[in-house]
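Survey of secondary and tertiary structure
The lines below spell out each chain.
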Amino acid sequence: EISTFHTMIASNSFLLLFFCAFLQMSEGCETQVDRYAFDYDISSDTVLLGVSSFQKCGEECENNSGCLAYTWQNSDIDLCILLEDIRPLHYSDDCTSGTIPLILENKACRGDFYNILDVRVANSLLECGEACAADSASSRFTWYGPSTAFQNVCFLFEDCSDHVECTDCTAGELHCLEDLISTTSSSRPKTSTNTYPPGPTTTRNPP
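Residues numbered from 1 in each chain as written. Predicted model: local features only at pLDDT ≥ 70, side-chain atom pairs only at ≥ 80, totals over all residues. Heavy atoms only, no water.

1. Section: the sheet that holds strand 1 (residues 32-38)
Condition: If DSSP finds at least two bridges between two strands, the strands pair. Going along the chain from the N terminus, every DSSP run of H or I of four or more residues is numbered as a helix, and every run of E of two or more is numbered as a strand. A fitted line through C-alpha atoms represents every axis, and for helices the fit uses only the stretch in contact; the resulting angles, taken between N-to-C directions, go from 0 to 180 degrees. Every residue pair with non-hydrogen atoms within 4.5 Å of one another is taken to be in contact.
Sheet architecture is open: five strands sit in the order 1-5-3-4-2, paired in antiparallel fashion. Both edges of this open sheet fall to strand 1 and strand 2 (46-48), since each of them pairs with a single strand only. Sheet twist, expressed as the average angle between the axes of neighbouring strands with direction ignored, equals 35 degrees. As paired elements, strand 2 and strand 4 (residues 79-83) share three bridges and run antiparallel to each other. Looking across to strand 4, one finds that Leu48 is bridged to Cys80. Here helix 2 (residues 54-62) sits on the sheet and contacts strand 1, strand 2, strand 3 (69-73), strand 4 and strand 5 (89-99); the angle it forms with strand 3, its principal contact strand, is near 150 degrees.

Below, the structure written as structure tokens:
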């Protein structure tokens, strides 16, 4: 079911690109990390060769309907690995990894009183997403547009395991990386939103 989240954005790739650009500047939710790679699964991951930058690897993920996360390896062959699920990260000196947000149009999180963290006015989907990213406890949100009963209202959720159909509403999910770094790593560089790609080092295939 998680791949269905991507169907929303096929008609509005600019929205996803704009959302990703915002998340790269967010201080609350880190969506990219230097010197870490997602655990590799040969049975499901897509490996692309000759992808020249971390940004281009991210674009490959954004354009792939099943991709939720990606790792770019700065090496002689410039590997880009696309993942269909979110996995733990491990230290890899020549890699940079990232996730992309999931945006589901005409869907709303089915929340209960105990799952709603905050309710606030938001004049746009981006503003609602900004509020979610800034709240360390929230990674799910629903924004109701101006034609709904909840006119321009943003709901922040701790979790969202189910969705309901609605008109002029949008559900979103952020994949933050702070908690995915393996605790077994001997060195844990700080997550970064503006330092990429890392400098070239030794070649590893795959990370």
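2. A few points about the state of the cysteines
Put simply, the test is: Note that a disulfide, as used here, is simply two cysteine sulfur atoms within 2.5 Å. Only protein chains enter the accessibility calculation, which uses a 1.4 Å probe; a residue whose area is less than 20% of its type maximum is buried, one above 50% is exposed, and one in between is partly exposed.
Across all of its chains, the model carries five disulfides by this definition. At a sulfur-sulfur separation of 2.0 Å, the disulfide partner of Cys128 is Cys154. Residues Cys128 and Cys154 are joined by a disulfide whose S-S torsion is about 75 degrees; by sign, that bridge is right-handed. In this pair, Cys128 sits in helix 3 (residues 125-134) while Cys154 sits in strand 9 (residues 153-157), placing the two residues 26 residues apart along the sequence. Note on accessibility: Cys128 and Cys154 belong to one class, buried. Between the sulfur of Cys166 and that of Cys169 lies a disulfide, 1.5 Å long from S to S. When the S-S torsion is 80 degrees, as for the bridge of Cys166 with Cys169, the disulfide is right-handed. You'll find Cys166 and Cys169 in the same group, each marked buried. Cys95 takes part in no disulfide bond, and the closest cysteine sulfur to it belongs to Cys57, at a distance of 9.8 Å. On the basis of relative accessible area, Cys95 is assigned to the buried category, the value being 0%. The cysteine Cys132 is free of any disulfide, with Cys128 supplying the nearest cysteine sulfur at 7.2 Å.

3. Comments concerning the pattern of salt bridges
Let me state the cut-off plainly: The salt bridge criterion pairs a side-chain nitrogen of Lys or Arg with a carboxyl oxygen of Asp or Glu, the two atoms within 4 Å.
On inspection of all chains with the given rule, the structure shows six salt bridges. Linking Asp45 and Arg87 is a salt bridge whose minimum nitrogen-to-oxygen distance equals 2.6 Å. With Asp45 in the loop between strand 1 and strand 2 and Arg87 in the loop between strand 4 and strand 5, this residue pair connects regions lying 42 residues apart in the sequence. With relative accessibility at 10%, the residue Asp45 sits in the buried group. Linking Arg110 and Asp162 is a salt bridge whose minimum nitrogen-to-oxygen distance equals 2.7 Å. Of the two residues, Arg110 is situated in the loop between strand 6 (102-109) and strand 7 (116-121) and Asp162 in the loop between strand 9 and strand 10 (163-173); the sequence distance between them amounts to 52 residues.

4. Description of the environment of Thr170
Its place among the elements puts Thr170 in strand 10. Each C-alpha atom of the pair Thr170 and Cys154 lies 9.7 Å from the other, and the pair is 16 residues apart in sequence. In contact with Thr170, other than residues within four places in its own chain, are Ile103, Leu104, Glu105, Lys107, Leu125, Phe141, Thr142 and Trp143.

5. A word on the sheet that holds strand 9
Across the sheet, which stays open at both edges, the five strands sit in the order 6-10-8-9-7 with antiparallel pairing between neighbours. The two strands at the open ends of the sheet, each matched to only one other strand, are strand 6 and strand 7. Going across the sheet, the axis of each strand differs from the next one's by a mean of 30 degrees, ignoring polarity. Bridge analysis of strand 8 (residues 140-144) against strand 10 gives five bridges, and the strand direction is antiparallel. Bridge pairing links Arg140 to Glu173 in strand 10. Strands strand 6, strand 7, strand 8, strand 9 and strand 10 of the sheet are contacted by helix 3, whose axis makes an angle of about 155 degrees with strand 8.

6. Some details on the confidence of the model for the protein chain
The cut-off we apply is this: Every residue gets a pLDDT, meaning the predictor's confidence in that residue, from 0 to 100.
Of all residues in the protein chain, 74% attain a pLDDT of 70 or more, and the chain-wide mean is 79. Across residues 1-14, where pLDDT falls below 50, the model places 23 contacts with residues more than four positions away in sequence or in other chains. This stretch, residues 183-205, has a pLDDT under 50; its non-local contacts, to residues over four places away or in other chains, come to 57 contacts.

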